[in-house]
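# Results of the structural survey
Listed below are the residues making up each chain.
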Amino acid sequence: MAIEIVQCGALITAALLMIIGLVALVYLDNVLKKIIGAAFIGDGVNLLIIALGYRVNGIPYIFLQNMDVNSFLGQASYPLPFALVLTSIVIGASTLAVMLALAVVLYKRNGTLSATALLNDKKLGEENNE
Amino acid sequence: MNMYEKLVQTLKSTFGQDPEKTLVNGSKTSSIVSAELVLMASVLVAALTIRLVSPALMIVAVIGLMLLFMYVTPIMPKLYKEHNDDFNNMMFYAVLTLAIFAIVFYWGVF
Amino acid sequence: MDGTIFIPLMVVIPIICAVLVNLLHEHSGVTKIFGYIGAICLPIVPILAVYGNHFFGGYQPLANGGLTVALPEAANAIISGSFLELFHPAITYAFGPGQQVILFVLGLVAMCAVFISIAETKKTSGVYLYMLFMLSAALMAFVLTDDIFNLYVFFEIAALVQVGLILVSRVRGNYETGLKYMLLGEVGGSFMLLGIALILGLTGNVNISDIVMMIHTGLVNPTNPVLLFAAGMLIYGWLYATGLPPFNAIKSEIYSKGLPSGSMLLQSFSVIACISIGLVIIRIFGYLPTAQMAMLAVSVIAMILGICMAMVQDDYKRIIAYLAVGELGYIGVGLGLATPLSITAGLFQAVNELVVTSFLFIGFGLVLYKTRTSKISKLGGLVEYMPVAALLTVLAGFAMAGVPPFNVFQSKYLLCQAAIAAGIPELAVIMIILSIVTFLAFLKMAYAIFLRPKPDELEVSSASVPKTTMAVMIVFLIICLIIGLFPGLVVDKLGVLALTAFAL
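First things first, this report covers the structure right here in the doc. Bear in mind the structure is a predicted one, so any value in this text is a computation, not a measurement. Counting of residues starts from 1 at the beginning of each chain's written sequence and follows it residue by residue. The naming scheme follows written order: chains are lettered A onward, ligands numbered 1 onward. Per-residue local features are limited, in this predicted model, to residues with pLDDT of at least 70; the limit for side-chain atom pairs, both in listing and counting, is 80 or more; totals at the level of whole chains, interfaces and linings are taken over all residues. Side-chain metrics in this entry use all non-hydrogen atoms of the structure; hydrogen atoms and water are not considered.

## Some details on the overall build of chain A
Under the DSSP-based scheme used, a helix requires at least four consecutive residues in state H or I and a strand at least two consecutive residues in state E, with every element numbered from the N terminus. The helix and strand inventory of chain A stands at 5 helices and 1 strand. Mapped from its N terminus to its C terminus, chain A presents α and β elements in the order α-α-α-α-α-β. For the radius of gyration, the atom set is restricted to C-alpha positions; the globular benchmark scales as 2.2 Å times the number of residues to the power 0.38. In terms of overall size, chain A is more extended than a compact globule, its C-alpha atoms giving a radius of gyration of 21 Å where 130 residues would be expected to give roughly 14 Å. Along the first, second and third principal axes, the C-alpha atoms of chain A reach 70 × 35 × 25 Å.

Laid out in structure tokens, this is it:
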């Protein structure tokens, strides 16, 4: 059982990352900290997906000519989560980039990063168009 | 008439921070009142569907809702204030819903 | 050549157009030509395509033969005769009659959005067209895909493009709204991915048909708490994508910050996400009454909240936005009842919604074009300045409220029938009450904007209404009438899609 600690640890870390991210999104006021929290949630989910593909004493999932099929099937780790998590990381990176760019623009315009000041639209239903 | 005056007072305190700009006129008042009535009617009708889970619970829920409506009317101004574009507010409700879904689906089914 | 070659083209053509218009954005003329060509392709390709499945890379299920020769002997021995033979190794796009109708209507809406954006701007913006095409591609893929992770990828692409669409609109407060939407989206999207990951962990599969087969044949324990938790997370993602409570406030804010042509596609995203993710949930978790109850409950709350909030707003963009969110509740009710009739009705409502809400967004976009203000209290007397457009806008509102002979009447009628047949007549009562109130909210708005005397301080610009916009509105009116008078054209085809939700 000692070896499965790796997988267990990864899953617990993933859960912690998600919870920390949610707490940051709800309780922290700085917009940048909120963005970091949001990125944490995505990272937690990615870690969970990677942990799903983990196999105790696993080998890479590349089938070579001289391998025995049965031992390969018994040992190879599961490839699908790795393929998926790559896509997911790319999506997360681009989302993060756009969010940070927006934070930069908002900071330049308003001179503050406080979420209560920036994202609190008290002008109820008032939308003027330029 | 007294009731109507009282209602208009409540509406003015919610919708007309600046009475010069946002006059609470007749059509606004009537639309808020109709929204209020629709909210009550449809929530009460929707509460009837609880009978599919348990009829006793439905009776309790409907009576509870009626009492609630009696004491908290008018609801629309409160709902309008609560339902604003504040990010913290939205995030709070989003996380609350997430928690409810997680609990209901992990422990509440089967 | 096989007709199924057109199936991936529905997604590929808009993506190629998007890349080209973005690359050539400095040459206004060329961009315009590519924009027109791409836009015309959008509704035409779904008509040309033949029903069937497309397997990307040509990797068909092993049962169809073809791949077996490439596998080692020993592997063949393990696979043949087992479930593995039926699995879909490639990303699969499924195209049937229901998808055809939805994609055709979606293509029309997207085409009109591109035409309007080209007509209403002096210099064609390649970047804006890029976003419109990319969102169309993502929406097309949403309807077609049979792969839950592919769905998620296009979902995130669509979310990013949506933010882009409101960033370029230059409406005040659009950057704040964009950041809010992305932060909320990170929560909604990530937890949807968590649901997908847990399903992947339990079934080892991301193909929806395979997951359904594994759960319904008992390969995976259907009452496993982790699987149920995944159901909850998928429904949470559905709420975010559709903009049902608690995400209705941000969704209506998003709609109101877009340009009219952008808002058309933004609301198309909500509608298409609602039906495609909703169908996935029903296909996988159709055995779970709690999932259906959760969908129903949230949809009813969305209907009541959306329409009540629409009554008290003073900004007509917000009113339409809240009405649109409320109307999404009708689709949710159709899906949540989970009978073949109700799902057909829900899909029918979705198709109608695509047309009617876009129609309203264009109509009130014209009011904005003429007056530069969106506050109802400042408006009035516009019927003198744009009589035909005013008439068309009022007709659009009638269509949305469900006045016969327009299309929404037919779908709401079908929804009420489905609710009664499913043994929950209360829902039919609520839907009728709220339709009446939708009509009331709309009438109040139409009176204030078009009919009452014009306030003195209101300035109406003398610019004439663009001809393309008028033509698009007439096209939408004709579609509403045709579907309203001959609902069988659409309903029969959507019924096939609804039935596949119950097939293994």
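## A look at the interface of chain A and chain C
Whether two residues touch is decided by their heavy atoms; if any such pair falls within 4.5 Å, the residues are in contact. Contact residues are listed per partner, giving 45 residues for chain A and 43 residues for chain C. When two parts are put together, the accessible area they lose, computed with a 1.4 Å probe and summed over both, is reported as buried area. For the pair chain A and chain C, the two sides together bury roughly 4000 Å², of which 70% comes from carbon and sulfur. Two N or O atoms form a polar contact when they lie within 3.5 Å of each other; inside protein one atom must be a possible hydrogen donor and the other a possible acceptor, and for residues adjacent in sequence the pair counts only when both atoms belong to side chains. Linking chain A with chain C are 1 residue pair in polar contact (both at pLDDT 80 or more), by the criterion used here. For the side of chain A that touches chain C, the secondary-structure elements that each account for two or more residues are α1 (5-27), α2 (31-52), α3 (69-75) and α4 (80-110) of chain A. If one sorts the elements of the side of chain A that touches chain C by residue count, α4(A) sits on top with 15 residues. Across the side of chain A that touches chain C, the residue classes tally to 27 nonpolar, 11 polar and 7 charged. Just so you know the grouping, Ala, Val, Leu, Ile, Met, Phe, Trp, Tyr, Cys and Pro go in nonpolar, Asp, Glu, Lys and Arg go in charged, and all remaining residues, Gly too, go in polar.

## Re the nonpolar core
Residue and element names in this part refer to chain C. Here, the term nonpolar core denotes a set of buried Ala, Val, Leu, Ile, Met, Phe, Trp, Tyr and Cys residues that are joined through side-chain atoms within 4.5 Å. Note on exposure labels: buried denotes an accessible area under 20% of the residue type's maximum, exposed denotes more than 50%, and partly exposed covers the range between, all computed with a 1.4 Å probe on protein chains only. Among the nonpolar cores identified, the biggest contains 256 residues, and F191, W238, I284, F285, I449 and F476 are the most heavily contacted of them. Examining the composition of this core, we find that 17 residues originate from one element, helix α14 (residues 340-371), more than from any other. Leaving out residues up to four positions away in the same chain, F476 has contacts with V109, C112, M264, V355, S358, F359 and I362.

## Digging into the packing of aromatic side chains
Residue and element names in this part refer to chain C. Only rings of Phe, Tyr and Trp enter the pairing, Trp through its six-membered ring, and a pair is recorded when the two centres are within 6.5 Å. The plane angle decides the type: under 30 degrees is stacked, over 60 is edge-to-face, the rest tilted. Evaluation of the coordinates by the stated rule reveals 26 aromatic pairs over all chains. Ring centres 5.9 Å apart and planes at 15 degrees place the aromatic pair F409 and Y413 in the stacked group. One end of the pair is F409 and the other is Y413, both in helix α16 (residues 407-421) and 4 residues apart, which spans about a single turn. Look at F409 and you get partly exposed, because its relative accessible area is 28%. Note on Y413: relative accessible area 47%, which makes it partly exposed.

## Considerations on the interface of chain B and chain A
Taken together, the contact between chain B and chain A spans 10 residues of the former and 10 residues of the latter. Counting the surface lost from both chain B and chain A, the interface buries some 990 Å², and carbon and sulfur atoms represent 63% of this. The largest share of the area that chain B buries against chain A comes from B:D85, B:F87 and B:N88, three residues that together contribute 40% of it. Here a salt bridge means any side-chain nitrogen of Lys or Arg lying within 4 Å of a carboxyl oxygen belonging to Asp or Glu. Summed over the shared surface of chain B and chain A, the number is 0 salt bridges. Taken together, chain B and chain A are joined by 2 residue pairs in polar contact (both at pLDDT 80 or more). Of all the secondary structure elements, the ones that give two or more residues to the side of chain B that touches chain A are β1 (85-86) and α5 (87-107) of chain B. Sort the elements by how many residues they give to the side of chain B that touches chain A and α5(B) lands first, with 5 residues. Split by residue class, the side of chain B that touches chain A holds 5 nonpolar, 3 polar and 2 charged.

## Focus on a nonpolar patch on the surface
Residues and elements named next belong to chain C. A cluster of nonpolar side chains, I474, I478, I482, L485, F486 and L489, forms an exposed patch at the surface whose accessible area comes to about 580 Å². Tallying contributions element by element places helix α18 (residues 467-485) first for the nonpolar patch, with 4 residues. Positionally, I478 belongs in helix α18. Patch membership is restricted to residues that have no salt bridge and whose relative accessible area is over 30%. Joining uses 9 Å for like charges and 5 Å for the nonpolar side chains Val, Leu, Ile, Met, Phe, Trp and Tyr. Per-residue and other accessible areas were derived by the Shrake-Rupley procedure at a 1.4 Å probe size, with only the shown protein chains allowed to occlude residues.

## Some details on the packing of helix α2 (residues 28-48) of chain C against helix α5 (residues 126-144) of chain C
Residues and elements named next belong to chain C. Helix axes are fitted to C-alpha atoms over the stretch in contact, other axes to C-alpha atoms as well, and angles between N-to-C directions run from 0 to 180 degrees. Packing of α2 against α5 brings their axes to within 11 Å, and their N-to-C directions diverge by 15 degrees. Viewed along their axes, α2 and α5 adopt a mutual orientation that is roughly parallel. Between α2 and α5 lies a crossing of left-handed hand. Counting all contacts with α2, which are made through T31, F34, G35, G38, A39 and L42, the residues of α5 involved are G126, L129, F133, S136 and M140. Throughout, the term roughly parallel applies to angles under 35 degrees, roughly antiparallel to angles over 145, roughly perpendicular to angles from 65 to 115, and oblique to all others. Each helix crossing is assigned a hand: it is left-handed if the near helix lies turned anticlockwise from the far helix by less than a right angle, otherwise right-handed if that turn is clockwise.

## A few points about the pattern of salt bridges
Residues and elements named next belong to chain C. Under the defined criterion, the tally for this structure stands at 5 salt bridges over all chains. Among the ionic pairs, K412 bridges to E327, the shortest N-O distance being 3.5 Å. Within this pair, whereas K412 is found in helix α16, its partner E327 is found in helix α13 (residues 316-337), the two being separated by 85 residues in sequence. Here the two residues K412 and E327 agree in accessibility, since each one is buried.

## What about the packing of α5(C) against helix α11 (residues 260-285) of chain C?
All names here are of chain C. Packing of α5 against α11 brings their axes to within 10 Å, and their N-to-C directions diverge by 15 degrees. Judged by the angle between their axes, α5 and α11 are roughly parallel. Classified by chirality, the crossing of α11 by α5 is left-handed. Only S261, G262, L265, L266, S268, F269, I272, A273 and S276 of α11 make contact with α5, whose side of the interface consists of Y128, L132, L135, S136, L139, F142 and V143.

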